[in-house]
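Inside the fold
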Amino acid sequence: MHLDENRNLTPGRVAQVLFGLDPDRDERAPQLCAETLLTLAQNRYRAPASRDELRSPKRQRFALRSLALATNFLAGREGRAGEDNMTPNLYGKLLASGSDVRNSANLALAQSALQGLVDPDTQRGQPGAWLLRPFHESLLWYDARKAPSRPDWTVRKVYMRGSGITLARLLLAPTDPKAAEQGAHAVSAIREALTGPSPLADISRRLESALQTDVPFTTKTPDTEEDEKEAWERGEDELLQPLAASLCRHAEGVMCQGSASGPAKLWQLRTILALDLAVHALRVAWDATSTPEEDRFLLLSFGGGPRAQDRVRQRSEESYRRARIRLNEATISTVARIMRQLVERKTVVWADEFENRRNKLDGEKGPDGLLHQLTKLTTRSADDEYLRLARTSVESANYGRAEDGFRVLLESVGLVAGTRYRYLTATPDLLAALVGALSSRMPMPSNEFFAAVRQEWGLVINQESAASTSLRGQVDGAGLERNARRAERLMSEAGLALSLSDRTTVVGERAQRRSM
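Residues numbered from 1 in each chain as written. Predicted model: local features only at pLDDT ≥ 70, side-chain atom pairs only at ≥ 80, totals over all residues. Heavy atoms only, no water.

Overview of the side chain of Arg340
Its location among the elements puts Arg340 in helix H12 (residues 311-345). Arg340 gets classed as buried once you look at its relative accessible area, which sits at 17%. Setting aside its immediate chain neighbours within four residues, Arg340 contacts Thr379, Ser381, Ala382, Asp383 and Tyr386. (Helix = DSSP H or I, 4+ residues; strand = E, 2+ residues; numbered from the N terminus. Buried < 20%, exposed > 50% of the residue type's maximum accessible area, 1.4 Å probe, protein only. Contact = heavy atoms within 4.5 Å.)

With respect to the pattern of salt bridges
Taken as a whole and judged by the stated rule, the model has 37 salt bridges. For the salt bridge of Arg401 with Asp24, the shortest nitrogen-to-oxygen distance reads 3.7 Å. Of this pair, Arg401 sits in helix H16 (residues 401-412) while Asp24 is found in the loop between helix H1 (11-19) and helix H2 (29-42), placing the two residues 377 residues apart along the sequence. A relative accessible area of 8% places Asp24 in the buried class. With a shortest N-O distance of 3.1 Å, Glu317 and Arg313 are connected by a salt bridge. You can see Glu317 and its partner Arg313 sitting in helix H12, four residues apart, about one turn around the helix. Glu317 sits in the buried class, given a relative accessible area of 10%. A residue is classified by how much of its surface remains accessible, and Arg313, at 18% relative accessible area, is buried. (Salt bridge = Lys/Arg side-chain N within 4 Å of Asp/Glu carboxyl O.)

Thoughts on the environment of Thr175
Here Thr175 lies in the loop between helix H6 (163-172) and helix H7 (177-195). Since its relative accessible area comes to 53%, Thr175 is described here as exposed. Spatially, the C-alpha atoms of Thr175 and Asn89 are 47 Å apart, while their sequence positions differ by 86 residues. Engagement of the side chain of Thr175 in a polar contact is seen with the side chain of Gln241, the distance being 3.0 Å. (Polar contact = N/O pair within 3.5 Å; in protein donor to acceptor, adjacent residues only side chain to side chain.)

A closer look at the nonpolar core
Counting residues in hydrophobic clusters, the biggest one holds 123 residues, and the most contacted among them are Tyr91, Phe449 and Trp457. In terms of residue count, the dominant contributor to this core is helix H11 (residues 262-288) (14 residues). Each residue touching Trp457, except ones within four places of it in the same chain, is listed here: His250, Ile272, Leu275, Asp276, Val279, Arg283, Leu434, Ala437 and Leu438. Counting 22 residues, the second-largest nonpolar core is a separate cluster that includes Val343, Val348, Leu370 and Tyr386. (Core = buried A, V, L, I, M, F, W, Y, C linked by side-chain atoms within 4.5 Å.)

What about the sheet that holds strand S8 (residues 497-499)?
Spatial strand order, S6-S9-S8: three strands in an open sheet with antiparallel pairing. Looking along the sheet, the strands with just one partner apiece sit at the ends: strand S6 (444-445) and S8. Relative to S8, helix H20 (residues 477-493) is tilted by about 110°, and along the sheet it contacts S8 and strand S9 (505-507). (Pairing = 2+ DSSP bridges. Axes fitted to C-alpha atoms, helices over the stretch in contact; angles between N-to-C directions.)

So far we have only geometry, and geometry alone does not tell us how the molecule works.
Here you go:
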């Protein structure tokens, strides 16, 4: 592990050392997918020759946004819009109201169609962070924010934090040859889905073409920032190559499946990107904490009676709780490991190594204070002492970003349910993404599907998948089989499975690959 001159114990740095990237609680499935697709599109679906040739994913599309989100994203902008004397400010105001501009017609109808594509999971906070569902390349844009003291909007990081750039790198340039082949197929299919003919794409191009091209708020791509280049380079990390392999395999499965439409495949891809990233973080945490193999699972519950009598749901709650504990424990062990490496390398100024916001790390002054205790560490100090101080550090500062990032990723793909008692389940959309990701093996009996889901994502649904886990002594087999039947029924109702007369359920006939 490479140590910097200082700030080696900030939450972001610890997360990068542990996971290979820095999951953030603000990065949900919509933002992760949009940033990944924007990075692919901006770089013409090819890996740039070097970091300096990377094109930023920051696409403004302020004219389109003004129409789609009924908000003037060109407010305060001067210049020219079109061939007459209309300013960008007035142009954006007219678009936001759905009024026809110059020779246009039916913009109100187009506005209604675009508003139907707004991803409801993004509709929180300022409309600058609202996104459309992944539908077409010309309908993708980056986060934007308006400063309180200024009327104009600018593209900047709000909920997109760079993980999508790293995922794009993993799809475009994984180190494993098999993953590279699958990634190339996936990216080719993504490009085909994002660039096909579309009336809404034509509207987007016409709206943006009215603006000048030589000003920062139009189609001009902003300069690539240093942290974006660093996010791209993180895709080279050996720690991320298992994620690259699963991501390429699952993305290729989703995008190359049989009968699904392009938008349906992109919607499933949105789910798979977030799910694979969350599972990667959990598997790294399991490894870092030496979690026994029999405890490496997430139990999905598909409803039943009241919670007090539903043993499967109770154990699902427990598996989710334990997963979050493992993420926290992995963070603590990583902080302890970095602390020891710092002590072995140099004389440490501990205050310079932390992100000490509001002096949270100071705690008690004098010999009982954390920073003072850290100065007593030596190369001979016991591992338990490093772990004790690491735990105190984690409890004193904001190291919960990775755990929170894991939680919001699972929530945003429909894997978490419940209010007071949170448990794991799967919505029809999530099940469709799982089926699509396994399209190369479709169709298959439901028991094989459940086994594949256990192997690929660590998700347990039926008795057979639970047999090798610690659940075997905690939940009766009949309860797990009822759980599996409810999952089959949900898939059948969603058109993902077919129940046959001999009580066999076949999954994924529609996702089956067409012969090539």
